[in-house]
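# Fold and contact review
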Amino acid sequence: AALVGGGGGVGATGGVLPLLLVGAGGLGLVRRLGGSRRALAEGPWSSGPLTVGGSTPVSREDAPEWQLARALGRVEARQLLSSGAFAVGIGFCVLLVGLFGIAWSPQNAGPWFDLAPQTPWFCLPLVGMTVVAAHRAVTRARRDRAVELLDTCPVPQTTRTLGFLLSAVTPVVVEVVFLTVLGTGIAVRSPFMYGSLEAADWMDIGSALLLGVGGVALGVLLGRWAAFALVPIVAVVAVAYANGAISGVGGHDWNPYNFLSTAPTIEWESPVFQARPALWHLLWIVGLTALVAAGALAHDSRGAGVRWLAVGAAVVTVLAGIGATRPMAPSSVERIARAIADPASTQECEQSGVLTVCVFPAHRPLLKRILEDTAPVVAALPPAAGPLTLRQRFHDELADLPPEVRRRLSERDLRAPAGEFPISFGEDFDYLLGNPAFHLALGAVSLPSRAGADLRPAVVAGQARGVVALWLATRGHNRADMRALTTSPNPHAVDAYDRGSNDEGGDCSVPSVIWSEQDLLAARAVVALPATAVAGVLEAEWARWIDPATGTDDLLAALGLAGVGPFDRVVARPGNPC
């Protein structure tokens, strides 16, 4: 019931409670099915007589260790797939496909090369449950009180450990299937995804797949050295905490240790401003995984092979750690600094009427859609409104940049010149208050499309230009969207700020402009008039209507509408940084 009810809630609201219900229902279902699960039937674990060099058959006591380990690995891979804990991990994958590949995917409008670095985050729930499942596999004999029975077998404990480690093929295969299905869902339901995957993106995906191997290795290590049942859960929580601690070094400022996390955070809007050490991060995951595997084998063997594995893994880990945190290459510094300080020198532009749209070459597929989305606004603008430019720019702060890049820039390099307004890199196209058309409508009347440095929005209570901006922003929209753009989601709020805001993006969303309740009422009245009548009045005295000194009631009088004053006194308040 929780699973079904929560699933319906996710589709309807997308809130946290439905997700918790889905998780609880999934765990209950796994527990119910797992409680009555029969023992897994196993066939012969070797396809024929064991041989050395392809010639003389030998007894199992004399069989090569790798051949025995491989046979045991096949058995443990099947056992892992049937584990209840691993089934919960698969359930998380199904949930993520449902959310990101089906329910929320139509809102995606960005490059594939921006999605690839996020694949480790998608795989983390499965990896966490893999640690638990692998630990339970290693401690199976202890729970079944069969340790002494296994000790009488000719296969050494080290070979059994290798068998457990080789079961890592199961989570890797599941991850491949999961990412393939997720990518297919996004591709089918997100018509505005664009671009292709570069070498660094495939390395990010490779790192995500390696996390499955690392999850098995960690579970085996813990099972060999600490068999208590709660140990893997504590370890998963500890790793999650460590990931958060590494990603949070420096707060919102530049973090040189980000790529030492198993799942680095990617906070920038475009790879144009990045130089990810993807290869070093991949080697870092390889080294850590090999170190953990060596630790698992070291419980029962200190032989030369284990020692060489540990030494090699330590060398790779140290070198990868240095490579991932070393200063950026001068060529990358120059490229990023130029893209921030002088984006026009590297961008491609197209013009439509009074509007020019400029994007970086990597985002060129966005040009067509931006021009299509802004066409109704451009058609409604009088010639006196131009020229206007929508340009992709770096939107973050200098502190978010590597120190090598930061030293070449100043705050002045982050400011857009007059008549030029920033646009996103694709993720906000289906968000009414963040799409290019809304940015253009605000820019045309000299209003900001983003909140200031202190995250305080501009207040236009009682100003005609605020109503003009809303009328322009509604061009080309249906009635429902027009209503949403000109209506507060909290019309009965006590605070005039909330009654004058049309933003419902949540705690992390900071509106760039706040109207008054009376302005929104006036905007709805203006939107209801014939478009040609409004356009004629605006074109006749465009400079007057975008002057902050011109009041909303003045515009309404020119349009033959009743006034809506007096206007609320709205005080801007800072938004919440996220």
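Everything here concerns the structure above.
The present account deals with the structure reproduced in this document. In this numbering scheme, every chain counts its residues from 1 along its sequence in written order. The predicted origin of the model limits local features to residues at a pLDDT of at least 70 and limits the giving and counting of side-chain atom pairs to 80 or more, whereas totals for whole chains, interfaces and linings rest on all residues. The side-chain numbers reported here are obtained from all heavy atoms of the structure, hydrogens and water having been left aside.

## Some remarks on the packing of helix 13 (residues 278–297) against helix 14 (residues 304–325)
Remark: helix 13 packs on helix 14, axes separated minimally by 8 Å, with the N-to-C direction vectors making an angle of 155 degrees. Classified by the angle their axes make, helix 13 and helix 14 are roughly antiparallel. Crossing angle aside, the handedness with which helix 13 passes helix 14 is left-handed. Residue-level inspection shows W280, L283, W284, G287, L288, A290, L291, A294 and L297 of helix 13 in contact with helix 14, the latter providing V306, L309, A310, A313, A314, V316, T317, L319, A320, G321, G323 and A324. Simply put, an axis is a line fit to the C-alpha atoms, just over the touching stretch for a helix, and the angle between two N-to-C directions goes from 0 to 180 degrees. In this description a helix means any DSSP run of H or I spanning at least four residues, a strand means any run of E spanning at least two, and both kinds are numbered starting from the N terminus. Working rule for angles: under 35 degrees goes down as roughly parallel, over 145 as roughly antiparallel, 65 to 115 as roughly perpendicular, anything else as oblique. Left-handed describes a crossing in which the near helix is turned anticlockwise from the far one by less than a right angle; the clockwise case is right-handed. The contact criterion used throughout is that any non-hydrogen atoms of two residues lie within 4.5 Å.

## With respect to the packing of aromatic side chains
Paired rings are identified among Phe, Tyr and Trp, the last through its six-membered ring, by centres lying within 6.5 Å, and are further divided according to the angle between planes into stacked (under 30 degrees), edge-to-face (over 60) and tilted (the rest). Going through the model one piece at a time under the given rule, you end up with three aromatic pairs. When the centroid spacing of 5.3 Å and the interplanar angle of 75 degrees are considered together, the rings of F100 and F122 count as edge-to-face. One end of the pair, F100, is in helix 4 (residues 84–103); the other, F122, is in helix 6 (residues 119–138), with 22 residues separating them in the sequence. Remark: exposure states derive from per-residue accessible area (1.4 Å probe, protein chains only) relative to the maximum for the residue type, with buried under 20%, exposed over 50%, and partly exposed in between. A relative accessible area of 31% places F100 in the partly exposed class. Using a relative accessible area of 9% as the deciding quantity, one classes F122 as buried. Connected via pairs of aromatic rings, a cluster forms that spans F273, F360 and F394.

## Some thoughts on the nonpolar core
With 55 residues, the main nonpolar core has V357, L381, L472 and W542 as its most contacted residues. Looking at which element gives the most residues to this core, the answer is helix 19 (residues 464–473), with eight residues. Non-local contacts of W542, meaning those with residues more than four positions away in its chain, are made with L381, P382, A384, A385, A444, V445, V468 and L472. What is meant by a nonpolar core is a set of buried Ala, Val, Leu, Ile, Met, Phe, Trp, Tyr and Cys residues, joined one to another through side-chain atoms within 4.5 Å.

## Examining unusual backbone geometry
Negative phi is the rule for most residues except glycine; trans is the rule for most peptide bonds. Of note, the amide linkage connecting G565 to P566 takes the cis form, showing an omega dihedral of 5 degrees. Its location among the elements puts P566 in the segment after helix 25 (552–558). In this model, R145 sits at a positive phi of 55 degrees, which is unusual for a non-glycine residue. Turning to its location among the elements, R145 is positioned in the loop between helix 7 (140–143) and helix 8 (147–151). When its relative accessible area of 81% is taken as the criterion, R145 is described as exposed. Positive phi is not limited to glycine here, since S446 has a value of about 65 degrees. Note on S446: relative accessible area 53%, which makes it exposed.

## Structural notes on the sheet that holds strand 3 (residues 388–392)
Strand pairing is defined by DSSP finding a minimum of two bridges between the two strands. Strand order in this open sheet of four strands is 1-2-3-4, and the pairing throughout is mixed. On the outer flanks of this sheet lie strand 1 (348–352) and strand 4 (420–423), each paired with one strand and no other. Strand-to-strand, the axes of this sheet are offset by a mean angle of 20 degrees, without reference to chain direction. Note that strand 3 and strand 4 share four bridges and pair parallel. When the bridges of strand 4 are listed, T389 appears paired with E420. The strands touched by helix 16 (residues 366–380) within the sheet are strand 1, strand 2 (355–359), strand 3 and strand 4, with strand 2 carrying the most contacts at an inclination of about 155 degrees. Contacts between helix 18 (residues 436–444) and the sheet are confined to strand 2, strand 3 and strand 4, with strand 3 contributing the most and set at about 135 degrees to the helix.

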